[in-house]
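Reading the structure
What follows is each chain in one-letter form.
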Amino acid sequence: MSGDSSRSRAWKDNPHPRYWWHRLPGTDYVPPVYSDLSEDEWRVLREWYAETDRSGPIGECAVPLISLLHGLVMGNRILRIAQLGTCAGYSALLLGWMLRRMNAPRGLFALDLDPAMCELSRRWIVRAGLEDFVEIAEGSSLDERSIVAARKYLNGDPELIILDSSHEYRSTLAELDLWYAALAPGGLLVLHDVSQFAADFDVTHAGGVRRAFTEWRKSHPDVETFSLNSDSRSMEAARPLYKDACGVGLIHKPQHG
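First, a word on scope: everything that follows refers to the structure included in this document. (Residues numbered from 1 in each chain as written. Predicted model: local features only at pLDDT ≥ 70, side-chain atom pairs only at ≥ 80, totals over all residues. Heavy atoms only, no water.)

1. So, the pairing of strand β2 (residues 108-112)
Counting buried positions along β2 yields five of five residues, so the element is predominantly enclosed. Of the two faces of β2, the one holding L108, A110 and D112 and the one holding F109 and L111 are both buried throughout. Here strand β1 (residues 81-84) runs beside β2; their pairing, made up of four bridges, is parallel. The residue bridging I81 from the neighbouring strand is L108, located in β2. On the question of chirality, the crossover connecting β1 to the parallel β2 by way of helix α5 (residues 90-101) is right-handed. Of the strand pairs in this sheet, β2 and strand β3 (residues 134-138) are connected by five bridges, and their pairing is parallel. By the bridge assignment for β3, A110 is matched with I136. Handedness of the β-α-β unit built from β2, helix α6 (residues 115-127) and β3 comes out right-handed. (Buried < 20%, exposed > 50% of the residue type's maximum accessible area, 1.4 Å probe, protein only. Helix = DSSP H or I, 4+ residues; strand = E, 2+ residues; numbered from the N terminus. Pairing = 2+ DSSP bridges. Right-handed = clockwise from strand over helix to strand, strands pointing away.)

As structure tokens, this is what we get:
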């Protein structure tokens, strides 16, 4: 049954770093993002994990962030989502299943620069039967043509933008300017990896998402923003209330003005 806690226990004893949430004390339950899944959906997700465990790549967001997105999307019937950086397709699958439950076709435009990641993600989207709900597009998030393509697929400005791409400082700063302008009024932009710990993900060693977000906030003082766990320095330290030490940032575009 979908509420069976074995859906969490399945990974509780797995030492791989990607399963860190399932090893936390007290997580012997099924978060809604998993308990909502049908048996067929759960089987696809388990098979996706099995394949990526064997051959990679590994870089998906974990339970805290996808649960936050689950509440935003399903609690508010968000119908137009742009995702910058899809990696192997974990969040594209889960967001696609949310959109299917809401009967919201053409709801997710997921963009990635890596052809291999796009091919892998597309294969799993087809396997999950989500072709009517998710578009995996190959392209640069710094190319204005990608915004045109997103608007065309979604039939309007994105209501939610998820930024989880290169993690490089300069690229992230440029993405924030470019995609904030494309965000629908009243919409929300969510950034993964805003913490001090996650700044090390920047291969250019220029400060990563944390620096880009900090500078963007200072240059847009009239825009509502919020940062969770920006001061987290390690995945091994005591867990904060929001369990992902990589942190998350929120940008809310005003409805008017």
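2. Re the sheet that holds β1
Taking strand neighbours across the sheet as the criterion, the seven strands line up as β3-β2-β1-β4-β5-β7-β6 in an open arrangement whose pairing is mixed. Of all strands in the sheet, those bounded by a partner on one side alone are β3 and β6 (224-228). Along the sheet, successive strands turn relative to each other by an average axial angle of 15 degrees, direction set aside. Inspection of the sheet shows β6 paired to strand β7 (residues 248-252) by five bridges, in the antiparallel sense. The partner of T225 across the bridge, within β7, is I251. Sheet strands in contact with α5 are β1, β2, β3 and β4 (160-163), and its direction is about 175 degrees off that of β1. (Axes fitted to C-alpha atoms, helices over the stretch in contact; angles between N-to-C directions. Contact = heavy atoms within 4.5 Å.)

3. Description of the packing of aromatic side chains
What the rule picks out here adds up to 13 aromatic pairs. With a centroid separation of 4.5 Å and 55 degrees between ring planes, the pair formed by W11 and Y49 is classed as tilted. Here Y49 lies in helix α3 (residues 39-55) and W11 lies in the loop between α1 (6-9) and α2 (32-35), a separation of 38 residues in the sequence. Judged by relative accessible area, Y49 falls into the buried class, the value being 4%. Taking 5.0 Å as the distance between ring centres and 80 degrees as the angle between the ring planes, the aromatic pair formed by W48 and Y49 counts as edge-to-face. No difference in accessibility class separates W48 from Y49, as the two residues are buried. Taken together through their ring pairs, the aromatic side chains of W11, Y19, Y34, W42, W48, Y49 and Y90 make up a single cluster. Over the ring of Y169 we find R211; its NZ or CZ atom is 3.8 Å from the centre of that ring. In this arrangement the basic side chain of K253 is found over the ring face of Y180, its NZ or CZ atom lying 5.1 Å from the centre. (Phe/Tyr/Trp six-rings, centres within 6.5 Å; stacked < 30°, edge-to-face > 60°. Lys NZ or Arg CZ within 6 Å of the ring centre and 35° of its normal.)

4. Brief notes about the environment of G187
Looking at where G187 falls in the secondary structure, it is placed in the loop between α8 (169-182) and β5 (188-192). Expressed as a C-alpha distance, the spacing of G187 and R217, which sit 30 residues apart in the sequence, is 16 Å.

5. Focus: the packing of α3 against α5
Contact geometry for α3 and α5: axes closest at 11 Å, N-to-C directions at 170 degrees. Classified by the angle between their axes, α3 and α5 sit roughly antiparallel to one another. In contact with E41, V44, L45, W48 and Y49 of α3, α5 contributes Y90, L93, L94, W97, R100 and R101. Its residues assigned to classes, the contact of α3 with α5 shows eight nonpolar, no polar and three charged. (Parallel < 35°, antiparallel > 145°, perpendicular 65-115°, else oblique. Nonpolar A, V, L, I, M, F, W, Y, C, P; charged D, E, K, R; others polar.)

6. Section: the nonpolar core
The nonpolar side chains of a soluble globular protein tend to be buried with one another. The biggest cluster of nonpolar side chains holds 56 residues, and the ones touching the most others in it are Y34, L45, I81, Y90, L94, W97 and L160. Top element by residues in this core is α5. It accounts for eight residues. If you look at the next biggest cluster of nonpolar residues, it comprises 25 residues, including I161, L191, F213 and I251. (Core = buried A, V, L, I, M, F, W, Y, C linked by side-chain atoms within 4.5 Å.)

7. Describing α6
In a regular helix each residue adds 1.5 Å, so 13 residues correspond to 18 Å; α6 covers 18 Å between its end C-alpha atoms and thus fits that length. Residues of α6 that are buried: M117, C118, L120, S121, W124 and I125. Down the axis of α6, the sector holding all buried residues measures 165 degrees, keeping them to one side. Lining the buried residues of α6 we find α3, α5, β2 and β3. The distance from a side-chain oxygen at the start of α6 to the backbone nitrogen of A116 is 2.8 Å, and the residue carrying that oxygen is D114. Just beyond α6, the residue with positive phi is G129, at close to 70 degrees. (Expected span 1.5 Å × (residues − 1). Arc of directions from axis to C-beta. Polar contact = N/O pair within 3.5 Å; in protein donor to acceptor, adjacent residues only side chain to side chain.)

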